[in-house]
Amino acid sequence: LNGIFAFAIWDGGKRELFLARDGLGVKPLYYTQTPQGFLFASEIKALLQEPMVSREIDPIAVAHYLTYLWCPAPRTMLAGVKKLEPGMAMSLREGTVVRHWRFYDLPYGQERGALSEDSAVEAVRETVEQAVGRQMVADVPVGAFLSGGLDSSAVVAFARQHTTERLQCFTIALDGGGADVEGMVDDLPYAQRVAAFLGVDLHTVRVGPEMVDSLPEMIYHLDEPQADPAALSALFICKLAREHGITVLLSGAGGDDIFTGYRRHVALQQERYWAWLPRTARHGLSRLTSRLPTGVPV
């Protein structure tokens, strides 16, 4: 299968249940074992409709949330509820797991291909365009998130080539200088420039500090604790998209991880200079920077 999925197949002849989750774990699949039988769903809140599902907290999962800011599968906040791991499948008979195996793993350790820079750029271009084109095949209107960054801009550029309709794009703007206070760059001017250049419609939802009032709603939809505030912005953008009749949005999420677009990646590039300094110099600089006030952009 090419794509993202989480599904179950019931084989009535063998009386066997088959569950599987996509290789990157994009789609969720939760399950639990109770005296009433084996239960599974795409949301924890669905499982909690069964009163016999334990509400006991998993302390190891809590440690994971606090350490990594999320909890890797198979654990969840609830001790009795598990997540099927990415790229894993499971088969059950009579409510009992008879097999639990991995069918896909990320291809770590591959040797770097002998490609020129131009060839590598072209290969990435073709691959991303193919992936976006596949996602444009839908029986409902498809729009896109657009922040003006390289990842979402590339997705929108390719999506525009695969539709005869004017592409509807959505972004968010923070009122009251919220972006400056957080030391982040405001996306809106960049999104507007990209939208104008590509000839797509850009719809903007403006929010202020009151957006924090929607935090409980965000947690309700996510089912698990979430340390990334981007999900809150996505909630407002998705609501705006639905008001315009768009129920599917393409996203550049994950692009910064693949193409090293985060500030921490820039810092890693400077690591070789830090390692070159004598230990005494590194120790002195470390003590000096520890005295700087926190919360000040640098």
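Small disclaimer: the values here were computed from a predicted structure and weren't measured. (Residues numbered from 1 in each chain as written. Predicted model: local features only at pLDDT ≥ 70, side-chain atom pairs only at ≥ 80, totals over all residues. Heavy atoms only, no water.)

**Thoughts on the sheet that holds strand 10 (residues 201-207)**
- Strand order across the open sheet formed by four strands is 10-9-8-11, with parallel pairing between neighbours. Every interior strand has two partners, whereas the edge strands, strand 10 and strand 11 (248-250), have only one. The average undirected angle you get between the axes of adjacent strands in this sheet is 35 degrees.
- Pairing between strand 8 (residues 142-145) and strand 11: three bridges, direction parallel. Bridging from a neighbouring strand, Gly143 pairs with Leu249 of strand 11.
- Running at roughly 155 degrees to strand 8, helix 4 (residues 150-160) makes contact with strand 8, strand 9 (168-174) and strand 11 of the sheet. (Pairing = 2+ DSSP bridges. Helix = DSSP H or I, 4+ residues; strand = E, 2+ residues; numbered from the N terminus. Axes fitted to C-alpha atoms, helices over the stretch in contact; angles between N-to-C directions. Contact = heavy atoms within 4.5 Å.)

**Let's talk about unusual backbone geometry**
- Residue Pro74 follows Ala73 across a cis peptide bond; omega there is 15 degrees.
- With respect to the secondary-structure elements, Pro74 resides in the loop between helix 2 (59-68) and strand 5 (81-83).
- In the Ramachandran plot, Arg15 falls in the positive-phi region, its phi being about 50 degrees despite a non-glycine side chain.
- Within the secondary structure, Arg15 is located in the loop between strand 1 (6-11) and strand 2 (16-21).
- A positive phi is found at Glu94, a non-glycine position, where the angle reads about 55 degrees.

The values are spatial; any link to function lies outside them.
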